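# Overview (structure and organization)
One letter stands for each residue in the lines below.
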Amino acid sequence: MRVGTVLAAMGPGLIAALSGTDAGGIATYSNAGALFGFGQLWTVPIMGFLMIVVQETAARMGCVTGKGFASLIREQFGVRMSAFAMLALLVSNTMVTLSEFAGIASGMALFGIPAAVSVPTAAIVIWLLTMSGSYKRIEKVLLAICCVFITYVIAGFMVGPDWGDALNATLVPRVQATPEYLSLLVANIGTTIAPWMIFLAQSNVVDKNVGAAEIPFQRIDTATGAILASAISWFIIMATGVTLHPAGIAVDDAAQAAQALVPIAGAYAERLFGLGLVGASVLAASVLPGITSSAVCEAFGWEHGADRTWGEAPVYRGIITAIIALSAGVVLVPNVDLFGIMMAAQVVNGVLLPVLMVYMVRIASDRRIMGRYVNGRVWTAITWATIGVIAALTVVMFVLQALGY
């Protein structure tokens, strides 16, 4: 495992993990810090481990089979089940992409740029990137965008936390038996592990033509991505826990969190949070349309891939174009209920994720498909336990939403 070889394999896992720290994720983590201080830092390492379980399994399936997750679902469970999963994924991912453009708009507004300028410009840039016709070029650009997350680490150091208390809160759970705490806990899990991440982790490996021999390198990539994403979420919760929680400031979105930092941590902290919000939103908005289109095309046997032309893959490129145009257009509509749309996406994700994970563990545990890379008993047990926890928490989420929390 030479350093150069490991670095060459890096990319799919990093992009898949960091894409989850999007506008909705930043808002959720900021809200956790603002409401409960360090009270939910203990969830970060647990969520990071669960992310590794899910994404390592997905990447390993891609390495062994050379196929995307949607293709395997169609082959193993039939067209009807595949169509159901793809319809839910299409609806959910379009809603989430819309929230990313909302994040771009609110983030750029912190720098004095109106949505009428920032959203169309971002839509054009993202569309040109996804239509560039080269996976390697797209991957390099996305990895460069990932560097923006360092802003949250810098902001975390700027607020001067009690590092001992933060470490203690990370290692020792501080659970509060209140509906607000449980609701936010479920939201944290939902934003850390999303259904589209399974498709993204596997599709990226397939697009990069990674084989079974490179599975050890992909495991390093997956673990590195999960650790970095967890570190980012930890710094966001910690920074807002130090600044906003003692001041009793609650926030509804990431832009509000950035603005609330000004009187406490200064304008530089606001700009760092704003820059991170824009970069995170652009990253996720660049990934979601492509992975959605790839999954739908895989499920129905249509040509797809970043290296396919309009003539070779019209449906693939058409879906990407439609998602970007629709998402950007809706954000520009005056008085549109963006929060309601994001909540609807969360509900769809909550239903879809356990179902997709059942598909995943059954495929990964099938020796006929996976050969010697089949899931071990311990890994299978951990995956089923994860499914059970997510399903139970999804029910909790629905109950809390019905009660108005």
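Residue positions within a chain follow its written sequence, with the count starting from 1. Restriction of local features to residues with pLDDT of at least 70 applies here, the model being predicted, together with a cutoff of 80 or more for giving and counting side-chain atom pairs; totals for whole chains, interfaces and linings are based on all residues. Working from all heavy atoms in the structure, the side-chain values ignore hydrogens and water.

### Describing the overall build of the chain
From N to C terminus, the chain includes 20 helices and 0 strands. At 20 Å, the chain has a C-alpha radius of gyration in line with the 22 Å of a compact globule built from 405 residues. The principal-axis extents of the C-alpha atoms in the chain amount to approximately 55 × 50 × 50 Å. Across the chain, contacts joining residues at least 24 apart in sequence account for 83% of those joining residues at least 6 apart. Counting only carbon and sulfur atoms, one obtains 67% of the accessible surface of the chain, whose full area is about 16,100 Å². In this tally, Asp and Glu contribute negative charge and Lys and Arg positive charge; neither His nor the terminal groups of the chain are included. To locate a charge, take atom NZ for lysine, CZ for arginine, CG for aspartate or CD for glutamate. Where the 19 positive side-chain charges of the chain centre and where its 20 negative ones centre are 13 Å apart. Here a helix means four or more residues in a row that DSSP labels H or I, a strand means two or more in a row labelled E, and each is numbered from the N terminus. Radius of gyration means the value over C-alpha atoms here, while the globule rule gives 2.2 Å times the residue count to the 0.38 power. The contact definition used throughout considers only heavy atoms, calling two residues in contact when any of these lie within 4.5 Å. Computed by Shrake-Rupley with a 1.4 Å probe, the accessible areas treat only the displayed protein chains as cover when residues are assessed.

### A few points about the side chain of Ser230
Relative to the elements of secondary structure, Ser230 occurs in helix α13 (residues 215–247). Residues adjacent in sequence count toward polar contacts only when both atoms are side-chain atoms; beyond that, a polar contact is any pair of N or O atoms within 3.5 Å, and within protein one must be able to donate a hydrogen and the other to accept it. A distance of 2.8 Å separates the side chain of Ser230 from the backbone oxygen of Ala226, its partner in a polar contact. Here Ser230 is in contact with Val44 and Gly48, once residues within four sequence places are set aside.

### Observations concerning empty space enclosed by the protein
Points on a 1 Å grid, built from protein atoms alone, make a cavity when a 1.4 Å probe fits but cannot get out and make a pocket when they are open with protein on both sides within 12 Å along at least 5 of 7 lines; residues with an atom within 4 Å of a point are the lining residues. Grid points are joined across faces, edges and corners, and a volume is the space filled by probe spheres set on the points. Applying the stated criterion across every chain, the model contains 3 cavities of 30 Å³ or more. Its volume calculated, the second largest cavity comes out at about 120 Å³. Looking at the second largest cavity, it is lined by 17 residues, and the ones nearest its centre are Tyr29, Met47, Thr192, Ser230 and Ser233. Within the residue set of the lining of the second largest cavity, elements represented by two or more residues are α4 (43–65), α11 (179–192) and α13. Its residues assigned to classes, the lining of the second largest cavity comprises 8 nonpolar, 9 polar and no charged. Residues are grouped as follows: nonpolar covers Ala, Val, Leu, Ile, Met, Phe, Trp, Tyr, Cys and Pro; charged covers Asp, Glu, Lys and Arg; every other residue, Gly included, is treated as polar.

### Observations concerning the environment of Ala269
Relative to the helices and strands, Ala269 is located in helix α16 (residues 267–300). For every residue, the accessible area obtained with a 1.4 Å probe (protein chains only) is divided by the maximum for its type, and the residue is called buried under 20%, exposed over 50%, and partly exposed between those limits. What makes Ala269 buried here is its relative accessible area of 0%. Between the C-alpha atoms of Ala269 and Leu35, which are 234 residues apart in sequence, the distance is 19 Å.

### Some words on the packing of helix α7 (residues 115–130) against helix α17 (residues 314–331)
Where α7 contacts α17, the axes come no closer than 10 Å and their chain directions differ by 170°. It follows that α7 is roughly antiparallel to α17 by the angle criterion. Residues Val119, Ala123, Ile126, Trp127 and Thr130 of α7 pack against Ile320, Thr321, Ile324, Ala328 and Val331 of α17. In terms of residue class, the contact of α7 with α17 is built from 8 nonpolar, 2 polar and no charged. What counts as an axis is a line fitted to C-alpha atoms, over the stretch in contact for a helix, and the angles between N-to-C directions run from 0 to 180 degrees. These descriptions rest on fixed angle ranges, namely under 35 degrees for roughly parallel, over 145 for roughly antiparallel, 65 to 115 for roughly perpendicular, and the rest for oblique.

### Description of the nonpolar core
As used in this record, nonpolar core signifies buried Ala, Val, Leu, Ile, Met, Phe, Trp, Tyr and Cys residues forming a set joined through side-chain atoms within 4.5 Å. Membership of the largest hydrophobic core comes to 129 residues, with the highest contact counts inside it found for Phe69, Met86, Phe101, Ile198, Phe199 and Leu356. Setting aside its immediate chain neighbours within four residues, Phe199 contacts Phe69, Ala70, Ile73, Met86, Leu89, Ile291, Ala295 and Leu356.

### Notes on the layout of surface pockets
If you roll a probe as big as a water molecule over the atoms, it shows you where there is empty space left. Size it by volume and the second largest pocket reaches roughly 390 Å³. In terms of residues, the lining of the second largest pocket owes the most to one element, helix α12 (residues 195–207), which gives 3 residues. When grouped by side-chain class, the residues that make up the lining of the second largest pocket number 4 nonpolar, 9 polar and 8 charged.

Fair warning: the whole summary comes from geometry, so function is off the table for now.
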